[in-house]
Amino acid sequence: MGYALFDTALGTCAIAWSAAGVAGVQLPDRDPDRTRDGLLRHHEGAVQAEPPAAISDIIAGIQALLDGQHVSFDGIDLDPVGVPEFNQRVYELTRRIPVGSTLSYGEIASRLGSPGAARAVGRALGDNPYPIVVPCHRVLAADGSMHGFSAPGGIATKRRMLRIEGALPPEEPTLF
């Protein structure tokens, strides 16, 4: 398994890959070392390497998305090793949420045929090893509020990503 760090409009991200596809993505932490360490906690033994062409294309897509371009990752191969079947189903559905749009946890549960499973959907998205590629930031509570985003920066990161994508209005400038 290989990994690489790369710069984005949010900061330094990391990506891990295997022969099966993307194994994980790490959103920026306070510094690149913490971002790398966060990725390696979940992908022990991964070696920093030059990404293959397919992974370089995904990195370019993540950079473009975080620069405000509309990019879809729904055709990218993911390495599902260790990911429960229910979570895989949640991730597959979440990948189809278009840039600039959101769904609720309950809407995803209903689309999975399990209308009472909103909390289980939330837990699956909290365990998402592929943020951005699986855009868990596009999933909100039924009332449109944001809760429990587990990536570094928490809800502030989620809000920033949704603003970049146009799903939320731009932040009002402060006068003072």
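Higher on the page you've got the structure.
Residues numbered from 1 in each chain as written. Predicted model: local features only at pLDDT ≥ 70, side-chain atom pairs only at ≥ 80, totals over all residues. Heavy atoms only, no water.

Glancing now at the environment of Ala118. For Ala118, the position within the fold is in helix H5 (residues 118-126). Here the alpha-carbon distance between Ala118 and Cys13, two residues 105 residues apart in the chain, equals 29 Å. If near-sequence neighbours (up to four positions away) are discounted, Ala118 is found in contact with Tyr105, Gly106 and Ala109. (Helix = DSSP H or I, 4+ residues; strand = E, 2+ residues; numbered from the N terminus. Contact = heavy atoms within 4.5 Å.)

Here we come to the side chain of Asn87. Structurally, Asn87 is set in helix H3 (residues 85-94). Asn87 sits in the buried class, given a relative accessible area of 10%. Setting aside residues up to four positions removed in sequence, Asn87 forms contacts with Ala124 and Asp127. (Buried < 20%, exposed > 50% of the residue type's maximum accessible area, 1.4 Å probe, protein only.)

Taken as a whole and judged by the stated rule, the model has five salt bridges. The partner of Asp37 in a salt bridge is Arg36, with the nearest N and O atoms 3.0 Å apart. You can call Asp37 partly exposed: its relative accessible area is 36%. Given a relative accessible area of 23%, Arg36 falls into the partly exposed group. Via salt bridges that share partners, Asp33, Arg36 and Asp37 belong to a single interconnected network. (Salt bridge = Lys/Arg side-chain N within 4 Å of Asp/Glu carboxyl O.)

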